[in-house]
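Architecture and fold: a report
What follows is each chain in one-letter form.
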Number of protein chains: 2
Amino acid sequence: MHILIIGAAGMVGRKLTMALLSAGAVGADPIDKITLADVVAPDTPVSAIPCNSHATDLSVPGAAAKLVADRPDVVFHLAAIVSGEAEADFEKGYAINLDGTRFLLEAIRQQGMNEPYCPRLVFTSSIAVFGEPLPPAIPDDMAHTPLTSYGTQKAICELLLADYSRRGFVDGIGIRLPTIAVRPGKPNKAASGFFSGIIREPLNGMEAVLPVDESVRHWFASPRAAIGFLLQAAALDTAPLGQRRTLTMPGLSATIAEEIAALERFGGVAATRLIRREPDETIARIVAGWPQNFDARRALDLGFVAEASFDDIVRAHIEDELGGRVAPT
Amino acid sequence: MHILIIGAAGMVGRKLTMALLSAGAVGADPIDKITLADVVAPDTPVSAIPCNSHATDLSVPGAAAKLVADRPDVVFHLAAIVSGEAEADFEKGYAINLDGTRFLLEAIRQQGMNEPYCPRLVFTSSIAVFGEPLPPAIPDDMAHTPLTSYGTQKAICELLLADYSRRGFVDGIGIRLPTIAVRPGKPNKAASGFFSGIIREPLNGMEAVLPVDESVRHWFASPRAAIGFLLQAAALDTAPLGQRRTLTMPGLSATIAEEIAALERFGGVAATRLIRREPDETIARIVAGWPQNFDARRALDLGFVAEASFDDIVRAHIEDELGGRVAPT
């Protein structure tokens, strides 16, 4: 089968590409071609399976039609302007996150007009579709009250995905990912960056800043778990989803204190001493509005699995990013 | 103040126009101009208040910009392709119900770019944003799981209205109307048509068909109540709405048996004998998927009021459409 990954140059896209090449199949179906697309052309990995790469701006009319012209069997749509940028640049957020997704859905529908075509479309949504007032554990049937333009755009795409699927134009499944930790790479300026930073930097012998209290609770999954969700969504029987095509993925609800305790078990007290407390009112206020826990019943019942403890998350990071070894501190 | 009504040629639009002209004000603010727009130019009523009329297709780029070029203070957006047509013509439904609304929101935002502009926008949404599984009384915080393209489009517009309002581009309020009964005029082929027909036709000495069982329960408000909702929404303080900008309007949950009992009280047994039972499996199945009752707590707390009995609904019809008199039967 032929796989298309849109947003393939990002962290999740690159890991997904490698996982697909390594598995060689989606479920029981062997992969014979992978097409990678992003706003900058993704690197093409060396592989026995042919991979080609395209620089594509999905928000440009006609771009999506080119990507689906050779009728990929599975499309992963990971491309998005992130929350902060979508809030800062109203037009760009709507252009990429809403119009881009709608162009893709329309291009797939148009492809099916002369000859039947109904590919699996795996769409990454976000827990940002939910907003205050938030219950202690957000259930699957919680109403969407996004508090950002990003969350609004994702909620709209979930509705479009459901309607296009109901009409038989696409076989869509949306997955709402937890906050990904430990995110590999350099520190970034995202308000959520410290959740990964306070593990990643100390395990690398470097200092990390903690801007919030240790009692702060949040919702996590490892990059490895996220890739597992995507692979499972690509192969899942979508019939049991009915009209509700988007699932909240399982995750781990954990506090910063639990993160730090896990860090100590792997990196020792020396690692935890590299965390510098530097309270930041602005970040604390932003984080206070974020979901802390979910009851992801539907996804759990369908067999999606996340980590059970922060130790599992730190272990996945050490195995996948650090070659199984922690830097001496 | 200057009022713009988009979708002014429809039943609700015409009644709203007359109500505004009669009131001469929105809340405490006198009206000095009304602009009427629809896909066919609405009739211009004779009035002391200047009224002008435009034929406008909101789904054509640039059309919305012309409508808001002279910066109306209050915009009523009632224009929509109805449920059946949006299901039959996928592209037309999305063009009018989604793109049309988004063009309007964008035109308002663009108007505000050089000189501040943030009009009140009253948008008519629909209870079609809700789908199965439905609880016995649908609460305000029920998740949107529309089962039609029409419901999907309305749910998306609710999200856009909330985001554009949050960003300060418009002062939006959405209202989800109950099924309007008794709808004046000729019988139509809408699946819901019989709810009005079994009152309207017999009171006019004509036969009406009832395709479902008398135990069927549904959610109603009179045209008079609907106009009241729109006028109140135009003048409401929107601050208490927070980010949840759309309200389920109050209504009356009543069975067909209650409808017929009310008909008998106004038209006698002779009127009820004009109802011909003609069970229709298709219509029965469609109606079985519709909401039967709502707990419209937020709107009730804000002072929105609907009828308390079907007698009130029949009385409103007789007063407003039949000059207070029932035809002899």
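Residue positions are counted from 1 within each chain, in the order its sequence is given. Chain letters and ligand numbers both follow the written order, the letters beginning at A and the numbers at 1. Local features in this predicted model are restricted to residues of pLDDT 70 or higher, and side-chain atom pairs are both shown and tallied only at a pLDDT of 80 or more, whereas totals for entire chains, interfaces and linings draw on every residue. Side-chain descriptors were evaluated using all non-hydrogen atoms of the structure, hydrogens and water having been removed beforehand.

1. Comments concerning the interface of chain B and chain A
Accessible area lost upon the coming together of the parts serves often as the stated size of an interface. Taken together, the 33 residues of chain B in the interface contact 33 residues of chain A. When the two sides are added together, the surface that chain B and chain A hide from each other amounts to roughly 2600 Å², 55% of it contributed by carbon and sulfur. Salt bridges, as used here, are contacts in which a Lys or Arg side-chain nitrogen is within 4 Å of a carboxyl oxygen on Asp or Glu. There are eight salt bridges connecting chain B and chain A. A salt bridge links glutamate 91 of chain A to arginine 109 of chain B; the shortest N-O distance between them is 2.6 Å. Polar contacts, as counted here, are pairs of nitrogen or oxygen atoms within 3.5 Å of one another; within protein the pair requires one atom able to donate a hydrogen and one able to accept it, and residues that are adjacent in sequence qualify only if both atoms are side-chain atoms. Linking chain B with chain A are 20 residue pairs in polar contact (both at pLDDT 80 or more), by the criterion used here. Helical segments are the DSSP runs of H or I of at least four residues, strand segments are the runs of E of at least two, and each set is numbered from the N terminus. Contributions of two or more residues to the side of chain B that touches chain A are made by α3 (83-88), α4 (90-111) and α5 (149-166) of chain B. Under this grouping Gly is polar, as are all residues other than the nonpolar Ala, Val, Leu, Ile, Met, Phe, Trp, Tyr, Cys and Pro and the charged Asp, Glu, Lys and Arg. Looking at side-chain class alone, the side of chain B that touches chain A contains 15 nonpolar, seven polar and eleven charged residues. In what follows, residue pairs with any heavy atoms lying within 4.5 Å of each other are defined as contacts. Summed over both partners, the accessible area (1.4 Å probe) lost when two parts come together is defined as the buried area.

2. Observations regarding the packing of aromatic side chains
Residues and elements named next belong to chain A. Geometry of aromatic contacts follows a simple scheme: Phe, Tyr and Trp rings, the Trp one being its six-membered ring, pair when their centres are within 6.5 Å, and the pair is stacked under 30 degrees between planes, edge-to-face over 60, tilted otherwise. Throughout the structure, instances matching the rule amount to 24 aromatic pairs over all chains. Centroid distance phenylalanine 194 to phenylalanine 195: 4.3 Å. Interplanar angle 35 degrees. Geometry classified as tilted. With respect to class, phenylalanine 194 is no different from phenylalanine 195; both count as buried. Aromatic side chains phenylalanine 229 and phenylalanine 304 sit 6.2 Å apart centroid to centroid with 65 degrees between the ring planes, which places their arrangement in the edge-to-face category. On the criterion of sequence distance, the pair formed by phenylalanine 229 in helix α7 (residues 223-235) and phenylalanine 304 in the loop between α10 (297-301) and α11 (310-321) is long-range, its members being 75 residues apart. Think of it in three bands: with a 1.4 Å probe and only protein chains considered, a residue is buried below 20% of the maximum accessible area for its type, exposed above 50%, and partly exposed in between.

3. Observations concerning the sheet that holds strand β10 (residues 179-180) of chain A
As a general point, the strands of a sheet are linked pairwise by backbone hydrogen bonds and lie either parallel or antiparallel. All names here are of chain A. Strand order in the open sheet formed by three strands is β10-β12-β14, with mixed pairing between adjacent strands. Two strands close off the open sheet at either side, each with one partner strand: β10 and β14 (252-255). Two strands make a pair as long as DSSP finds a minimum of two bridges between them. Bridge analysis of strand β12 (residues 217-221) against β14 gives four bridges, and the strand direction is antiparallel. The partner of phenylalanine 220 across the bridge, within β14, is leucine 252.

4. Quick look at the pairing of strand β9 (residues 171-177) of chain B
Residue and element names in this part refer to chain B. Counted residue by residue, β9 has seven buried out of seven residues, so it is predominantly covered. Side chains of β9 alternate between two faces, with Asp171, Ile173, Ile175 and Leu177 and Gly172, Gly174 and Arg176 buried alike. Bridging between strand β7 (residues 120-126) and β9 involves seven bridges; their strand directions are parallel. From the neighbouring strand, serine 126 faces β9, where its bridge partner is leucine 177. As defined by bridge partners, β9 adjoins strand β13 (residues 246-248) across three bridges and the pair is classed as parallel. Paired with isoleucine 175 across the two strands is leucine 247, which belongs to β13.

5. Considering the relation of the copies chain B and chain A
What sets the superposition is a least-squares fit of C-alpha atoms, and only residues with pLDDT of at least 70 in both copies go into it. The two copies are related by a screw operation: chain B maps onto chain A through 180 degrees of rotation and 0.0 Å of translation along the axis, at an RMSD of 0.0 Å. Expressed as a symmetry operation, the mapping of one chain copy onto the other fits a two-fold axis. Closest to the rotation axis within chain B is the C-alpha of alanine 143 of chain B, separated from it by 1.9 Å. A symmetric contact is evident, with 100% of the interface residues of chain B recurring at the interface of chain A.

6. Quick word on the domain arrangement of chain A
Residue and element names in this part refer to chain A. A domain assignment, automatic or from a database, supplies the domain bounds used here. With domains assigned, chain A is organised as domain 1 (2-177) and domain 2 (179-221 + 252-293 + 308-329). Each partner contributes residues to the interface: domain 1 has nine residues there, and domain 2 has ten residues. In total, domain 1 and domain 2 occlude about 850 Å² of area from one another, counting both sides; carbon and sulfur atoms represent 66% of this. Our enumeration of links across domain 1 and domain 2 arrives at two residue pairs in polar contact (both at pLDDT 80 or more). Of the residues belonging to the side of domain 1 that touches domain 2, the class tally is seven nonpolar, no polar and two charged.

7. Re the environment of alanine 88 of chain A
Secondary-structure assignment places alanine 88 of chain A in helix α3 (residues 83-88). Alanine 88 of chain A sits in the exposed class, given a relative accessible area of 69%.

8. Some details on the sheet that holds strand β7 (residues 120-126) of chain A
Residue and element names in this part refer to chain A. Pairing is parallel across the open sheet formed by seven strands, whose spatial order is β5-β4-β1-β6-β7-β9-β13. Two strands close off the open sheet at either side, each with one partner strand: β5 (51-55) and β13 (246-248). Across this sheet, the average inter-strand angle for adjacent strands is 20 degrees, counted without regard to direction. Note: strand β4 (residues 33-38) against β5, five bridges, orientation parallel. Counterpart to aspartate 38 in the pairing with β5 is alanine 55. Strands in contact with helix α1 (residues 11-23) are β1 (2-6), β4, β5 and β6 (74-77); relative to β1, the strand with the most contacts, it is inclined by about 170 degrees. Along the sheet, helix α4 (residues 90-111) makes contact with β1, β6 and β7, crossing β7 at roughly 165 degrees. Here the axes come from fitting lines to C-alpha atoms, over the contacting stretch only for helices, and the angles between their N-to-C directions go from 0 to 180 degrees.

9. So, the pairing of β7 of chain B
Residue and element names in this part refer to chain B. Counting buried positions along β7 yields seven of seven residues, so the element is predominantly enclosed. The alternating pattern of β7 places Arg120, Val122, Thr124 and Ser126 on one face and Leu121, Phe123 and Ser125 on the opposite face, and all of these are buried. Strand direction decides the pairing type here: strand β6 (residues 74-77) and β7, joined by four bridges, are parallel. Of the residues in β7, the one forming a bridge with valine 75 is leucine 121.

10. Notes on unusual backbone geometry
Note that the residue after alanine 181 of chain A, namely valine 182 of chain A, is joined by a cis bond; omega there is 0 degrees. Tracing the chain through its elements places valine 182 of chain A in the loop between β10 and α6 (193-203). Omega for the bond connecting glutamate 132 of chain B with proline 133 of chain B falls within 30 degrees of zero, at 0 degrees, which places this linkage in the cis form. One non-glycine residue, arginine 71 of chain A, lies in positive phi territory at about 50 degrees. Along the polypeptide, arginine 71 of chain A turns up in the loop between α2 (63-68) and β6.

11. Topic: the side chain of glutamate 201 of chain B
All names here are of chain B. When you line up the elements, glutamate 201 lands in helix α6 (residues 193-203). With a relative accessible area of 6%, glutamate 201 lands in the buried category. For glutamate 201, the contacting residues outside a window of four places in its chain are Pro187, Met206, Glu207 and Ala208.

12. So, the pattern of salt bridges
All names here are of chain A. With the rule as written, the count across this model stands at 46 salt bridges over all chains. Aspartate 171 is paired through a salt bridge with arginine 120; the nearest N and O atoms lie 2.9 Å apart. Highlighted residues: aspartate 171 in strand β9 (residues 171-177) and arginine 120 in strand β7, separated in sequence by 51 residues. No difference in accessibility class separates aspartate 171 from arginine 120, as the two residues are buried.

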